[in-house]
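Structure at a glance
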Amino acid sequence: MERNKATLDFMRLVEGRQKFLLGTPDADVDAGASQMKLRSFLNWYTKLQGISFQCCLWAPEPPRPNALFDTFSAIGNPLTEIGPLIPFDPEVCIVLDYGDWNRVKEKGFPEFAVPHIGIDHHPGKPGFPGLEIIDLDAASTTCVLFDLLEDYRGYHISADVATCALAGLVADTGRFGNKLMKKPKIYRYAASFEARGARTAEISIASLPHNTLSRLDALHLIRESRLQIDRELDFAFFWFTPDDLRSWDVVEEDCLTMFSYLMDFGVITAYYMKDGAWYCSLRPGRNSKVSVGTIATGFGGGGHTDMAAFSTNLQHEEIFLKIKKILREPETT
Ligand SMILES: [Mn+2]
């Protein structure tokens, strides 16, 4: 059977090897699914060659729990398998779903003088030290892996691997909910995975948010006690703390959905802690004429007309007042 060039290049680098490091900078569902899927293939392939198999999974931090991981637990679950890198001496390093090699290194990916293979659907940046297999058109890294491995002779994609691949696809395209859904290619992949036995019902259930009530509670509490509004200046401001997130049992993104509920305001600002520093994120409402980038500049930050941010040592009360002052200034000059 005619095999594509990427498959040939990939197989040339893994042939005869038995120790693999599979790394990813962000252990989300697609990255975890890609690690599991590839590990399952390499396990099959080394057995076929009659050699032993060793594989170490790497990510800078454990993945955030997500019910979709359970749907592919039959072939492994990165939640339980990614840990600190034990002394391990790989013969090949494979980096998945990474985008920018420098970011991977910044996150502590160990450097080994062995062949590297990058497999991704994000645009690569210069500097990757090896073979890059990138398909910008693919909806997830699990799809790139599917193209790479599906026609490899004798390899049979099991229902468990197909379920894992579909979980990556569903999570990365926002449950088919974003603009990528216009691409028929996504449905073709989904159909291919289903034809190989992917358990779609299980995935549909797992992809429903498990914390709907916590999110509603969080939004309610923000509305009640963390939201300040100045109607005259057309300005909405909300804030939350790491303690809030813990007591509400939600993550930062759940609170930031407030942005989309406040779109009738000219300027919307969220104040919260990110990576250990206080941080303000600004958005204009749907009919706003204000450049939020200009406001962020007033705090030493920056950004664009429609998205801006700055980090700060100021308290939320001070920021609220200072932004109001900036919004008022055009009238006083
Ligand atoms: Mn991805």
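Residues numbered from 1 in each chain as written. Predicted model: local features only at pLDDT ≥ 70, side-chain atom pairs only at ≥ 80, totals over all residues.

Brief notes about the overall build of the chain
- When helices and strands are counted, the chain shows 15 helices and 11 strands.
- Here the chain holds 333 residues, and 37% of them are scored as buried.
- Considering only residue pairs separated by 6 or more positions, the chain has 63% of its internal contacts joining residues 24 or more positions apart. (Helix = DSSP H or I, 4+ residues; strand = E, 2+ residues; numbered from the N terminus. Buried ≥ 20, exposed ≤ 12 C-beta atoms within 10 Å, placed from the backbone. Contact = placed C-beta atoms within 7 Å.)

Looking at the domain arrangement of the chain
- What the domain assignment reports for the chain is domain 1 (5-206) and domain 2 (214-332).
- Measuring from the centre of the C-alpha atoms in domain 1 to the corresponding centre in domain 2 gives 36 Å. (Domains from an automatic or database assignment.)

Observations regarding the sheet that holds strand β1 (residues 19-23)
- The 5 strands are arranged β2-β1-β3-β4-β5 in an open sheet whose pairing can be described as parallel. The sheet terminates laterally at β2 (54-58) and β5 (131-134), the two strands that pair on one side only. Averaged over all adjacent pairs, the angle separating strand axes in this sheet is 15°, with direction ignored.
- Bridge count for β1 against β2 is 5 bridges, and the pairing is parallel. Along β2, the bridge assignment pairs L21 with C56.
- Most of the contacts of helix α1 (residues 5-14) go to β5, to which it runs at about 140°, and overall it touches β3 (92-96), β4 (116-120) and β5.
- Lying over the sheet, helix α6 (residues 141-149) contacts β3, β4 and β5, oriented at roughly 115° with respect to β4. (Pairing = 2+ DSSP bridges. Axes fitted to C-alpha atoms, helices over the stretch in contact; angles between N-to-C directions.)

Digging into the nonpolar core
- Ranked by size, the top nonpolar core spans 57 residues in total, and within it L22, I94, A165, L166, A167, L169 and Y189 carry the most contacts.
- Counting residues per element, this core draws most heavily on helix α7 (residues 159-172), at 9 residues.
- Aside from chain neighbours lying at most four places away, what touches L169 is A139, S140, T142, C143, I186, Y189 and A190. (Core = buried A, V, L, I, M, F, W, Y, C linked by C-beta atoms within 7 Å.)

Digging into the packing of helix α2 (residues 29-48) against α7
- Two elements in contact, α2 and α7, have axes whose closest approach is 8 Å; the angle formed by their N-to-C orientations is 160°. The orientation of α2 with respect to α7, classified from their angle, is roughly antiparallel. Here α2 runs over α7; the crossing is left-handed. Taken together, the residues of α7 that come into contact with α2 (itself represented by V29, D30, A33, S34, M36, K37 and S40) are V161, C164, A165, A167, G168, A171 and D172.
- For the contact of α2 with α7, a count of residues per class yields 8 nonpolar, 3 polar and 3 charged. (Parallel < 35°, antiparallel > 145°, perpendicular 65-115°, else oblique. Left-handed = near helix turned anticlockwise from the far one by under 90°. Nonpolar A, V, L, I, M, F, W, Y, C, P; charged D, E, K, R; others polar.)

A look at the environment of G76
- The residue G76 is located in the loop between α3 (67-71) and α4 (78-81) in this model.
- On the neighbour-count criterion, G76 (22 C-beta atoms within 10 Å) is buried.
- Sequence separation of G76 and T141 is 65 residues, and the distance between their C-alpha atoms is 17 Å.
- With near-sequence residues (within four places) excluded, G76 lies in contact with M36, R39 and E81.

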